[in-house]
Amino acid sequence: WPSIYLGIDVIVNQETPPHHDQVSAPSLLDLVVSLGTHDAQFHISEIGTIFNYKPGTMIYLAGKVLTHSVPKWGKGERIVLA
């Protein structure tokens, strides 16, 4: 299918440590999509924000600029398209 993105990462049942996206451009937004049965949270360090990251959540962010992470969650399967 046509896409504006250069690639898609699939992350399964892994914590995501605080990081900046290496491949994206500072002026573009990245999309992360949460799937599965988990109760994870999505952290953005610079603005001190924690989002509920339940299955079905979609987040657009400047991943090259903002430090973001998903720490260990309590239960369930986590699948992310990024």
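In short, a report on the structure. (Residues numbered from 1 in each chain as written. Predicted model: local features only at pLDDT ≥ 70, side-chain atom pairs only at ≥ 80, totals over all residues. Heavy atoms only, no water.)

## Considerations on the pairing of strand β4 (residues 41–44)
Burial along β4 is one-sided: Phe-42 and Ile-44 are buried, while Gln-41 and His-43, pointing the other way, are not. Looking at chain direction, β4 and strand β5 (residues 49–52) are connected through four bridges and run antiparallel. Paired with Phe-42 across the strands is Phe-51, a residue of β5. Here β4 folds back onto β5 in antiparallel fashion, the turn holding four residues, of which Gly-48 has a positive phi close to 60°. For β4 and strand β7 (residues 68–70), the ladder comprises two bridges, and the chain directions are antiparallel. In the sheet register, Ile-44 faces β7, and the bridge partner there is His-68. (Buried < 20%, exposed > 50% of the residue type's maximum accessible area, 1.4 Å probe, protein only. Helix = DSSP H or I, 4+ residues; strand = E, 2+ residues; numbered from the N terminus. Pairing = 2+ DSSP bridges.)

## Brief notes about a nonpolar patch on the surface
Together, Ile-8, Val-10, Val-12, Leu-35, Ile-79 and Leu-81 give the surface a local cluster of nonpolar side chains, amounting to about 450 Å² of exposed area. Positionally, Leu-35 belongs in strand β3 (residues 30–36). Residue Leu-35 is classed as partly exposed on the basis of its relative accessible area of 33%. (Patch = residues over 30% accessible without salt bridge, like charges linked within 9 Å, V, L, I, M, F, W, Y side chains within 5 Å. Areas by Shrake-Rupley, 256 points an atom, 1.4 Å probe, with all protein chains shown as cover. Salt bridge = Lys/Arg side-chain N within 4 Å of Asp/Glu carboxyl O.)

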